[in-house]
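Listed below are the residues making up each chain.
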Amino acid sequence: MSTTRPYSPGDRGPESGADGACGVARDGGAAHPAARQARRLSLVGASGVVPLARDFAREALYAWGWLPAATADRRAAAEDVLLVVSELVTNACLHAEGPDQLWIACDNKVLRVEVSDRGTGQPAPRTPHRAGRPGGHGMFIVQRLCLDWGVFRDPGVAGKTVWAELGAPA
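Only a predicted model underlies this, so the values are computations on that prediction, with no experimental measurement involved.

S.K.: Hey, could you run me through the overall build of the chain in this one?
M.R.: Across its full length, the chain carries three helices and seven strands. N-terminal to C-terminal, the α/β element order of the chain is β-β-β-α-α-β-β-α-β-β. Taking all 170 residues of the chain together, the buried fraction comes to 44%. Summarising the internal contacts of the chain: among those between residues at least 6 apart in sequence, 63% fall at separations of at least 24. Accessible surface, the chain as shown: approximately 9,000 Å² in total, 52% of it carbon and sulfur.

S.K.: Any chance you could explain the environment of Leu41 here in plain terms?
M.R.: Within the element layout of this structure, Leu41 appears in strand β3 (residues 37-42). For Leu41, a relative accessible area of 16% puts it in the buried group. Separated by 59 residues in sequence, Leu41 and Asp100 place their C-alpha atoms 8.7 Å apart. Leave out the neighbours within four places in its chain, and Leu41 touches Leu52, Ala53, Phe56, Asp100, Gln101 and Leu102.

S.K.: Is there a simple way to think about the packing of helix α2 (residues 72-95) against helix α3 (residues 138-145) in this case?
M.R.: Where α2 meets α3, the axes come as close as 9 Å, and the angle between the chain directions of the two elements is 145°. Considering only the axes of α2 and α3, their crossing is left-handed. Facing α2, whose interface residues are Asp80, Leu83, Val84, Glu87, Leu88 and Asn91, α3 presents Gly138, Met139, Ile141, Val142 and Leu145. For the contact of α2 with α3, a count of residues per class yields seven nonpolar, two polar and two charged.

S.K.: In this structure, what is going on with the nonpolar core? I would like to understand it.
M.R.: What tends to happen in soluble globular proteins is that the nonpolar side chains get buried as a cluster. Among the nonpolar cores identified, the biggest contains 36 residues, and Trp66, Leu88, Leu102, Ile104, Leu111 and Val113 are the most heavily contacted of them. Put simply, the parts of the chain that give this core at least two residues each are α1 (49-63), α2, β4 (99-106), β5 (110-117), α3 and β7 (160-167). Element by element, the count of residues in this core is highest for α2, at nine residues. Once you skip the residues sitting within four places of it in the chain, Val113 turns out to touch Val85, Leu88, Leu102, Trp103, Ile104, Val162, Trp163, Ala164 and Leu166.

About the thresholds
- Residues numbered from 1 in each chain as written.
- Predicted model: local features only at pLDDT ≥ 70, side-chain atom pairs only at ≥ 80, totals over all residues.
- Heavy atoms only, no water.
- Helix = DSSP H or I, 4+ residues; strand = E, 2+ residues; numbered from the N terminus.
- Buried < 20%, exposed > 50% of the residue type's maximum accessible area, 1.4 Å probe, protein only.
- Contact = heavy atoms within 4.5 Å.
- Areas by Shrake-Rupley, 256 points an atom, 1.4 Å probe, with all protein chains shown as cover.
- Axes fitted to C-alpha atoms, helices over the stretch in contact; angles between N-to-C directions.
- Left-handed = near helix turned anticlockwise from the far one by under 90°.
- Nonpolar A, V, L, I, M, F, W, Y, C, P; charged D, E, K, R; others polar.
- Core = buried A, V, L, I, M, F, W, Y, C linked by side-chain atoms within 4.5 Å.

Pasting the structure below:
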């Protein structure tokens, strides 16, 4: 089960109802139903970064109302997020000297995951994808589960940020 939806990348689709996927952000006591909520975790020098990142993402999902999941679709959406976090952090460990930070943000329609590292490589799904072979599935999984994903680099700054966006559960 996947959290993809029938809108093109960048199109947030129709406005969601009152039961937003990430709840209501509070700013000085005022409610903003479609406000983006975000959390950041530094991973520099940390050990066990993959489980650390998953636990951090899981705590955010609880805070934003994705968990505990009331339906199979909501549970699948949360599991997709945790899998994407694991894959992006693992790729940074294997191919980019380890991750520097994890940033996760959510509004009522989209959850965005970003993993920054100091690597120079360009992640891409391995082609051809060979499902029966070990390894090489991370970016294929990200591509299959996400609405969109990509890489950005800040000029003059070493490394890159790999990002992925998943649709919020209905």
